[in-house]
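# Working through the structure, step by step
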Amino acid sequence: MVIVRRKTEMEFYALPDEIQKAVTEENRIRFREPAVSYAVGTAFGSGSIYALVKEADSDMYRRKREMKNGTAEGCC
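Here is a short report on the structure shown in this document. (Residues numbered from 1 in each chain as written. Predicted model: local features only at pLDDT ≥ 70, side-chain atom pairs only at ≥ 80, totals over all residues. Heavy atoms only, no water.)

### Some words on the packing of aromatic side chains
What the rule picks out here adds up to 3 aromatic pairs. Between F12 and F44 the ring centres are 5.4 Å apart and the planes differ by 50°, which places this aromatic pair in the tilted class. Placement of the pair is F12 in helix α1 (residues 9-31) and F44 in the loop between α1 and α2 (49-69), with a sequence separation of 32 residues. For F44, a relative accessible area of 35% puts it in the partly exposed group. Residues Y13 and F44 carry aromatic rings whose centres are separated by 6.2 Å and whose planes lie at 45° to one another, so their mutual orientation is tilted. Of this pair, Y13 sits in helix α1 while F44 sits in the loop between α1 and α2, and the two are 31 residues apart along the sequence. Members of the aromatic cluster, each reached through a chain of ring pairs, are F12, Y13 and F44. (Phe/Tyr/Trp six-rings, centres within 6.5 Å; stacked < 30°, edge-to-face > 60°. Helix = DSSP H or I, 4+ residues; strand = E, 2+ residues; numbered from the N terminus. Buried < 20%, exposed > 50% of the residue type's maximum accessible area, 1.4 Å probe, protein only.)

So, in structure tokens, the structure goes:
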């Protein structure tokens, strides 16, 4: 889990793409086989930390399902 503070919404939602670029480069340089894979779930707001974690967790599992089904858009 990563908690990010003091970012605009636009900056926040750009972070998963930045992470994806770094992981892709790391896979290319070091691991090759098997490659590192992961899923990201995000939640932006100023609500309770518990609600934000729950929202991010749900988003992560949604993305994992999309990755498994081959319907994922964007990173991760």
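### Notes on a nonpolar patch on the surface
Taken together, M1, I3, I49, Y50 and V53 make up a surface patch of nonpolar side chains, about 610 Å² in accessible area. Here M1 shows up in the segment before α1. M1 sits in the exposed class, given a relative accessible area of 78%. (Patch = residues over 30% accessible without salt bridge, like charges linked within 9 Å, V, L, I, M, F, W, Y side chains within 5 Å. Areas by Shrake-Rupley, 256 points an atom, 1.4 Å probe, with all protein chains shown as cover. Salt bridge = Lys/Arg side-chain N within 4 Å of Asp/Glu carboxyl O.)

### Observations concerning unusual backbone geometry
One non-glycine residue, R6, lies in positive phi territory at about 60°. On the secondary structure map, R6 appears in the segment before α1.

None of this, on its own, says anything about what the molecule does.
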